[in-house]
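# Chain and residue survey
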Amino acid sequence: MRAAVLHETGQDKLEVLDDIEAVGFGPGKVRLRLRATGLCHSDLSAMAGVLPQPAPFIPGHEGAGEVLDVGDGVTGLSAGDRVLVCWLPACGDCPACQRGQTELCLTGFMNAGTPNFRRSGGSSQELFGMSGTGTFAEEIVLPAACAVPIPDDVPYDIAALIGCGVTTGLGAVFNTARVEAGSSVAVIGCGGVGISVIQGARASGAAQIVAVDPVESRREAALRFGATEAVAPDGLDTAKNSVTAGEGFDYVFEVVGRSATARRAYEITRRGGTLCVVGAGALDDFLQFNMFELFFDEKRILPSLYGGGDVLRSYRRTIDLWRAGRIDLEGLITHRVRLGEINEAIGQMRTGEALRTCIEI
């Protein structure tokens, strides 16, 4: 089968090969035929080494397709079922799951350390899948918990977005920050996840939503999706003064994953307000505060991993909001490519041209 492979961490481009085999099928596993996958900025971060991921590997963690086969002991799934890929499944038994913090379950991360592909030629080289998945491939073998059934009216491309970026953005608003109606919100970073944060803030009834991004096309998109104002980073202080009379925003979402933007986000959060860190950053990028400001300003700093809540419930909520017309998921897909054009899609994301690219497999 075909798949896009990164041979070494730090390489800029993927190689699309046709001698890849999905391995590991057996009890408790499912084999999927992928139909659509989204390109998430986390894929680029893993390729660059910002996010830890063993190589060589097949990127992609935002996918949807149909079940080809199920292993012994798998219940609730059968061949032909339409599913989305959940890259962070909950085991249901660990202490985090027992506390109801299923997004902190380490089962999914443990999957990332086991190769689930190999080259079928003479080398028989083992390949990892990103975050234990690897959706830039025609087929994939996963633990059954990673395959979540979707209703028949949800297209594969929409389901793929729900599998990561949309759930991450909406969940940061609904589950982690819990934005209140009438509040002021700033969103720093307006790619696919940032736009989802904006849509969540609008659905929550925020009165002012200021979008911040250096790319003009993304600022224009933010306005279409519900931002009341969109500015470049150098216009942020002016926006803060005009919207909040200089006090600072009730909620600020950092959706970049860098200490510099997180620090900036902290500075524009009002005293007693909430800074929600959504962007996935590097292990060696440190964010600094002094002890007095932490005590005196009483700002809440809330990291949000994968939307910060039960992802299965978040999936259902997202589908309900989409069906009701409260959020726009089709509009997030600005580009479509085939698997063989994956490097074109990567270039579009790096320049900021694309919000989300759907890779049709």
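Residues numbered from 1 in each chain as written. Predicted model: local features only at pLDDT ≥ 70, side-chain atom pairs only at ≥ 80, totals over all residues. Heavy atoms only, no water.

Naming follows an unreviewed UniProt entry, where the chain appears as Alcohol dehydrogenase of Streptomyces antimycoticus. The UniProt entry for the chain carries this comment under Cofactor (unreviewed entry): "Zn(2+)". One UniProt comment on the chain, placed under Sequence similarities (unreviewed entry), says "Belongs to the zinc-containing alcohol dehydrogenase family." (UniProt positions renumbered as here; feature names shortened; annotations may be inferred.)

Residues Val185, Ile195, Ile198 and Phe253 are the most contacted members of the largest nonpolar core, which totals 56 residues. When contributions to this core are tallied by element, the ones reaching two or more residues are helix H4 (156-162), helix H5 (165-177), strand E12 (184-188), helix H6 (192-203), strand E13 (208-212), helix H7 (216-224), strand E15 (249-254) and helix H11 (311-323). Look past the residues within four positions of Ile198 in its chain and what remains in contact with it is Val187, Cys190, Ile209, Ala211, Ala222, Phe225, Gly226 and Ala227. Counting residues in hydrophobic clusters, the runner-up holds 42 residues, among them Val83, Phe128, Val141 and Ala147. (Core = buried A, V, L, I, M, F, W, Y, C linked by side-chain atoms within 4.5 Å. Buried < 20%, exposed > 50% of the residue type's maximum accessible area, 1.4 Å probe, protein only. Helix = DSSP H or I, 4+ residues; strand = E, 2+ residues; numbered from the N terminus. Contact = heavy atoms within 4.5 Å.)

What follows covers the sheet that holds strand E8 (residues 117-119). Strand order in the open sheet formed by four strands is E3-E8-E9-E5, with mixed pairing between adjacent strands. Edge positions in the open sheet fall to strand E3 (20-22) and strand E5 (57-58), since each of these has one partner strand only. Bridge count for E5 against strand E9 (residues 126-129) is two bridges, and the pairing is parallel. Across the sheet, Ile58 pairs through a bridge with Gly129, a residue of E9. (Pairing = 2+ DSSP bridges.)

Note the cis peptide between Ala55 and Pro56, where omega equals 0°. Summarising the element assignment, Pro56 is placed in the loop between helix H1 (41-48) and E5. Not every positive phi belongs to a glycine, and Ser131 is a case in point at roughly 55°. Residue class for Ser131 comes out buried when judged on its relative accessible area of 17%. Positive phi outside glycine occurs at Ala245, with the angle close to 55°. Considering the arrangement of structural elements, one finds Ala245 in the loop between helix H8 (236-244) and E15. For Ala245, a relative accessible area of 72% translates into the label exposed.

Inspection of the entire model under this criterion finds 16 salt bridges. Taking the shortest distance from any N to any O, the salt bridge between Arg336 and Asp157 comes out at 2.7 Å. Highlighted residues: Arg336 in strand E18 (residues 333-338) and Asp157 in helix H4, separated in sequence by 179 residues. When its relative accessible area of 45% is taken as the criterion, Arg336 is described as partly exposed. Notably, a salt bridge pairs Glu267 with Arg264, separated by 3.8 Å at the nearest N-O pair. On the criterion of helical spacing, the pair formed by Glu267 and Arg264 is a turn pair, its members being three residues apart in helix H9 (residues 259-267). What makes Glu267 partly exposed here is its relative accessible area of 40%. It is possible to trace a salt-bridge network through shared partners that takes in Asp237, Arg263, Arg264, Glu267 and Glu293. (Salt bridge = Lys/Arg side-chain N within 4 Å of Asp/Glu carboxyl O.)

Our focus in this paragraph is the layout of surface pockets. Any empty space left between atoms is shown by rolling a water-sized probe over those atoms. Taken as a whole, the second largest pocket spans an internal volume of roughly 190 Å³. Contributing to the lining of the second largest pocket are 13 residues, with Pro89, Ala90, Ala145, Val148 and Leu312 lying nearest its centre. Of all the secondary structure elements, the ones that give two or more residues to the lining of the second largest pocket are strand E11 (147-149) and H11. Split by residue class, the lining of the second largest pocket holds eleven nonpolar, one polar and one charged. (1 Å grid on protein atoms, 1.4 Å probe; cavity = no way out; pocket = protein on both sides within 12 Å on 5 of 7 lines; lining within 4 Å. Points joined across faces, edges and corners; volume = space filled by probe spheres on them. Nonpolar A, V, L, I, M, F, W, Y, C, P; charged D, E, K, R; others polar.)

Interface extent is often summarised as the accessible area lost during association of the parts. Considered domain by domain, the chain is made up of domain 1 (3-164 + 309-360) and domain 2 (169-303). For domain 1 and domain 2, the distance between their C-alpha centroids amounts to 27 Å. Taken together, the contact pairs 19 residues of domain 1 with 22 residues of domain 2. Counting the surface lost from both domain 1 and domain 2, the interface buries some 1600 Å², and carbon and sulfur atoms represent 57% of this. Counting across the interface, domain 1 meets domain 2 through zero salt bridges. For the pair domain 1 and domain 2, the interface holds seven residue pairs in polar contact (both at pLDDT 80 or more). Only H11 and helix H12 (342-351) provide two or more residues apiece to the side of domain 1 that touches domain 2. In terms of residues, the side of domain 1 that touches domain 2 owes the most to one element, H11, which gives five residues. By residue class, the composition of the side of domain 1 that touches domain 2 is eight nonpolar, six polar and five charged. (Domains from an automatic or database assignment. Buried area = accessible area lost by both parts, 1.4 Å probe. Polar contact = N/O pair within 3.5 Å; in protein donor to acceptor, adjacent residues only side chain to side chain.)

Right, let's get into the environment of Ala90. Relative to the assigned elements, Ala90 resides in the loop between strand E7 (82-85) and helix H2 (95-98). By relative accessible area, Ala90 is classed as partly exposed at 37%. For Ala90 and Cys146, which are 56 residues apart along the polypeptide, the C-alpha to C-alpha distance reads 8.8 Å. Apart from the residues within four sequence positions on either side, Ala90 is in contact with Cys97, Thr102 and Cys105.

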